[in-house]
Amino acid sequence: MNLIRRSRSVFAATLFAAASIGCSDPGPDPVGPSVESVYAAATVGGNTLPVTSRLGSGHEITLIADTLEFLSNGDVRRITILRIIGAGSDGSAPQRFSSTWKYSIVGRRVTIAPHPCPPNALCVGPIEGDIDADRVVLPYSMNLGSTAGELVLRRVS
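Residues numbered from 1 in each chain as written. Predicted model: local features only at pLDDT ≥ 70, side-chain atom pairs only at ≥ 80, totals over all residues. Heavy atoms only, no water.

A. Layout of the overall build of the protein chain. Looking only at helices and strands, the protein chain has one helix and eleven strands in total. Counting helices and strands in the order they occur from the N terminus, the protein chain gives α-β-β-β-β-β-β-β-β-β-β-β. Taking all 157 residues of the protein chain together, the buried fraction comes to 28%. Summarising the internal contacts of the protein chain: among those between residues at least 6 apart in sequence, 47% fall at separations of at least 24. For the protein chain, the computed accessible surface area is about 9900 Å², with 57% contributed by carbon and sulfur atoms. (Helix = DSSP H or I, 4+ residues; strand = E, 2+ residues; numbered from the N terminus. Buried < 20%, exposed > 50% of the residue type's maximum accessible area, 1.4 Å probe, protein only. Contact = heavy atoms within 4.5 Å. Areas by Shrake-Rupley, 256 points an atom, 1.4 Å probe, with all protein chains shown as cover.)

B. Just the pairing of strand S9 (residues 127-131), in detail. In S9, alternate side chains face the same way, and those of Ile127, Gly129 and Ile131 are buried while those of Glu128 and Asp130 on the opposite face are not. Judged from the four bridges that link them, strand S8 (residues 109-114) and S9 form a sheet pairing that is antiparallel. Note that in S9 the partner of Thr111 across the bridge is Glu128. The pairing of S9 with strand S10 (residues 135-140) spans two bridges and is antiparallel. Bridge pairing in S10 links Asp130 to Val137. Remark: three residues form the turn of the hairpin made by S9 and S10, two consecutive strands paired antiparallel. (Pairing = 2+ DSSP bridges.)

C. Spotlight on unusual backbone geometry. Note the cis peptide between Leu49 and Pro50, where omega equals 0 degrees. With respect to the secondary-structure elements, Pro50 resides in the loop between strand S2 (47-48) and strand S3 (51-56).

Okay, structure coming up:
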C-alpha cells in the first residue's frame with residue numbers, strides 16, 4: 001500500500017513537472033492585430049549593419065539602414081538606405097528608398113504587402129515574418145533570387 005502511495009506521488013510530481021514545462025514562457029507577447037512602433041534593422045544573416053552583397057562584375061549593394069514604422073491604420077512605412085556600386089552608380093552617395101505598404105498581424109505572424117499595387121504592375125510581396133514587442137524578423141534578399149538570411153529589426157520606439 002505504501003508503495004502505491006509513493007508511486008502516485010511520483011506520478012503526480014512528474015505530471016506537474018511536465019505541465020510546468022509545457023507552460024514555460026514563450027517569449028515577448030504578441031503585439032496584437034495593429035501596432036504603432038518603429039523597428040530598426042540590427043542584423044542581416046547574423047551580421048551587423050552595414051552588410052554588403054557582391055553581385056559580380058563590380059556590382060555591390062550595401063544595406064546601411066532599414067526601418068519599419070508600423071501605424072495603427074494598417075500601413076507600414078519602410079525606409080531603406082543603400083549604397084550601390086555599379087549599374088550607373090559609383091556608390092559615393094547612399095540612396096534612400098521609401099515606400100508605404102499594408103500589414104496584418106495574426107498572433108506572432110506579420111504579413112507586409114505592397115500598397116497599392118496598380119493593375120498590370122510588377123509588384124513585390126507579400127513578405128511574411130515574425131513580430132513581437134521587441135523585434136521583427138523577416139526573410140531578406142539583397143539581390144533578386146538570392147537570400148541573404150533573416151533581417152532582424154529591433155524596436156526603437
